[in-house]
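Structural features, examined
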Amino acid sequence: MKLQKCERCGKPTAEGLPFCPACMEESGAAAEAVTAAEELRDIARVLSITADTDANIQEAMQGILNIAERLERRF
Ligand SMILES: [Zn+2]
């Protein structure tokens, strides 16, 4: 998953989503859709950092992703 620019304001949004969460909200998107778009954007941010960093940081990021995954399963 990568980041791309919002077609409306140029802020980062997840690849595959034309608009960023803020623009989605402004255009009247459902709250759940906006929240999902925010989560995708944040995941894409983490993944774009790991793409060109050294092994130690990639390890740390993997740990964070694992924690996030476990937290998610509780809900
Ligand atoms: Zn936008």
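For the structure itself, consult the block above.
Below is a short write-up of the structure. All figures in this text were calculated on a predicted structure; none of them were measured in a lab.

All told, the structure shown has four salt bridges when counted by the stated rule. As a salt-bridge pair, Arg41 and Asp42 come within 3.4 Å of each other at their nearest N and O atoms. The exposure class of Arg41 is buried, given its relative accessible area of 19%. In this structure Asp42 comes out as partly exposed when scored by relative accessible area, which is 34%. For Glu69, the salt bridge is made with Arg73, and the minimal N-O distance between the two is 3.5 Å. In this pair, Glu69 and Arg73 are both assigned in helix α3 (residues 55-74), four residues apart and thus about one turn of the helix distant. Under the relative-accessibility criterion, Glu69 is labelled partly exposed at 44%. For Arg73, a relative accessible area of 61% corresponds to the exposed category. Among the charged side chains, a network of salt bridges with common partners joins Arg41, Asp42 and Arg45.

What counts and what doesn't
All residue numbers here refer to positions counted from 1 along the written sequence of the relevant chain. Thresholds applied to this predicted model are a pLDDT of at least 70 for local features of residues and 80 or more for the giving and counting of side-chain atom pairs; totals over whole chains, interfaces and linings are not thresholded and use all residues. Where side-chain values are given, they derive from all heavy atoms of the structure, hydrogens and water being excluded. One side-chain nitrogen of Lys or Arg within 4 Å of one carboxyl oxygen of Asp or Glu is enough to make a salt bridge. Only protein chains enter the area calculation, which uses a 1.4 Å probe; residues under 20% of their type maximum are buried, those over 50% are exposed, and those in between are partly exposed. Numbering of helices and strands runs from the N terminus, with a helix taken as a DSSP run of H or I at least four residues long and a strand as a DSSP run of E at least two residues long.

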